[in-house]
Amino acid sequence: RGKALPSLGGIVRAMSDGILSESSSRGVAVETGGAVQAEACAIAGVLKLAFHQFEDDRGVIAEVYRADWGSLLPAMKNFTLQRSVANVLRGMRLHRRRDEVVVGGIGVTQVGMIDLRPASPTHLVADVVEIADGPIAGVFVPAGVLHGVYSVTATVHVECRSTLWDPEDEHG
């Protein structure tokens, strides 16, 4: 059923039906699945994502993207890791051809948005979604929604994009 992978420094890993199990020499076992919960926000199509996390004495692990989440999120093709000091705004920016997911969990991050899609039922609605320090969470931002990522505290976050980064789709 599962495929055994080589031992890595006392950690034995096995993949089974998309579930990764780890056990360490200390006898700690973690089973990770990849569950995500999505909550609608004030802007149509924007989702706050809560990723299922597994925590033990080594830390926390969570899957933040799976290709089989296709009914929830589009395929992502580009990922960037960003580290910011406190009180930094990255944006505002508008993408007409790509969707994004901002994933945080280290530091307090706020994603500010305004819906600029003329045909949207929430056209010109503004919203701010906060990603707290600690829980690994994200915000899905569809194309056509102006957005910026503000680091309230020092942060580390990942931005996932549905297309490769293209400077011609950077408006803002």
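This text goes with the structure placed above it.
Let me sum up the structure you'll find in this document. (Residues numbered from 1 in each chain as written. Predicted model: local features only at pLDDT ≥ 70, side-chain atom pairs only at ≥ 80, totals over all residues. Heavy atoms only, no water.)

It is worth spelling out the pattern of salt bridges at this point. Tallying each qualifying case throughout the model produces 10 salt bridges. Residue Arg161 is joined to Glu159 by a salt bridge in which the shortest nitrogen-to-oxygen separation is 3.0 Å. Each of the two residues, Arg161 as well as Glu159, counts as buried. Where salt bridges share partners, they join Arg93, Arg98, Glu100, Glu159, Arg161 and Glu170 into one cluster. (Salt bridge = Lys/Arg side-chain N within 4 Å of Asp/Glu carboxyl O. Buried < 20%, exposed > 50% of the residue type's maximum accessible area, 1.4 Å probe, protein only.)

With that settled, the discussion passes to the pairing of strand 6 (residues 47-51). Burial along strand 6 is one-sided: the face carrying Leu47, Leu49 and Phe51 is buried and the face carrying Lys48 and Ala50 is not. Pairing of strand 5 (residues 36-40) with strand 6 involves 5 bridges; the strand directions are antiparallel. By the bridge assignment for strand 6, Ala40 is matched with Leu47. Where strand 6 meets strand 14 (residues 137-141), 4 bridges bridge the pair, whose relative direction is antiparallel. In the strand pairing of strand 14, Ala50 is matched with Ala137. (Helix = DSSP H or I, 4+ residues; strand = E, 2+ residues; numbered from the N terminus. Pairing = 2+ DSSP bridges.)

For the structure on display, the rule yields 2 aromatic pairs. When the centroid spacing of 6.1 Å and the interplanar angle of 20° are considered together, the rings of Phe51 and Trp69 count as stacked. Of this pair, Phe51 sits in strand 6 while Trp69 sits in the loop between strand 8 (59-61) and strand 9 (78-84); the two residues are 18 residues apart in sequence, bridging distant segments of the chain. (Phe/Tyr/Trp six-rings, centres within 6.5 Å; stacked < 30°, edge-to-face > 60°.)

Strand order in this open sheet of 4 strands is 10-15-12-13, and the pairing throughout is antiparallel. In the strand order of this sheet, the two ends are held by strand 10 (88-93) and strand 13 (126-131), each with one partner. Direction aside, neighbouring strands of the sheet carry axes that sit 15° apart on average. The sheet contact formed by strand 10 and strand 15 (residues 145-151) spans 5 bridges and is antiparallel. Its bridge partner lying in strand 15, Arg90 is registered against Val149. (Axes fitted to C-alpha atoms, helices over the stretch in contact; angles between N-to-C directions.)

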